[in-house]
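Examination of the molecular architecture
Each chain is listed here by its residues.
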Amino acid sequence: MAQLLPDLPPAHALPLGLMREREVLLQLASGLPPEFLVFHNVNWSSVTNSKQCFGELDAVVLSPSGHIVLMEVKAGDVQFSAEGVFKTYGNQVKDVQRQTRVQFSAIK
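The structure presented is a predicted model; accordingly, all values stated were derived computationally and were not measured.

1. So, the nonpolar core
Counting residues in each nonpolar core, the largest one holds 11 residues, listed as A2, L4, V24, L25, L28, A29, F36, V38, A59, V61 and V73. Listing elements by their share of this core, those giving two or more residues are helix 1 (16-31) and strand 3 (51-62). Looking at which element gives the most residues to this core, the answer is helix 1, with four residues. If near-sequence neighbours (up to four positions away) are discounted, V61 is found in contact with L28, L32, F36, L37, V38, H67, I68, V69 and M71.

Now the structure itself:
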């Protein structure tokens with residue numbers, strides 16, 4: 001079982017998105033060998049062109065060999081099209097690929 005950092009708080013009534021993240025984290029922790037580390041809810045900050053951006057990574061998996069996987073977890077359906085990958089929240093459509101590009105460029 002991989003180490004999950006920080007520990008998850010006891011389960012309670014959670015919004016669907018947080019419930020889905022918790023399920024993914026528990027699957028990662030139970031499915032990976034003990035040498036792996038799984039970080040979650042990792043806050044980040046970056047400055048580009050004098051503009052500061054903030055965000056959060058849902059999960060970061062670190063292997064013993066130093067390989068890293070960054071994960072963005074979405075609850076419910078996402079739409080795949082020639083223009084990209086999108087998630088609808090009420091009346092707002094978000095570009096998932098843009099979100100992950102921003103996260104990746106902020107931490108590299």
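Alright, that's what it looks like, and here's the rest.
2. A short note on the sheet that holds strand 3
If you walk across this open sheet you meet the four strands as 1-2-3-4, and the pairing is mixed. Bordering the open sheet on either side are strand 1 (3-5) and strand 4 (68-71), each of which pairs with just one other strand. Strand-to-strand twist of the sheet, defined as the mean angle between neighbouring strand axes without regard to direction, takes the value 40°. Pairing between strand 1 and strand 2 (residues 37-48): three bridges, direction parallel. Paired with Q3 across the two strands is L37, which belongs to strand 2. Where helix 1 meets the sheet, its contacts fall on strand 1, strand 2, strand 3 and strand 4, and the angle it forms with strand 3 comes to roughly 45°.

Definitions and limits used
- Residues numbered from 1 in each chain as written.
- Predicted model: local features only at pLDDT ≥ 70, side-chain atom pairs only at ≥ 80, totals over all residues.
- Heavy atoms only, no water.
- Core = buried A, V, L, I, M, F, W, Y, C linked by side-chain atoms within 4.5 Å.
- Buried < 20%, exposed > 50% of the residue type's maximum accessible area, 1.4 Å probe, protein only.
- Helix = DSSP H or I, 4+ residues; strand = E, 2+ residues; numbered from the N terminus.
- Contact = heavy atoms within 4.5 Å.
- Pairing = 2+ DSSP bridges.
- Axes fitted to C-alpha atoms, helices over the stretch in contact; angles between N-to-C directions.

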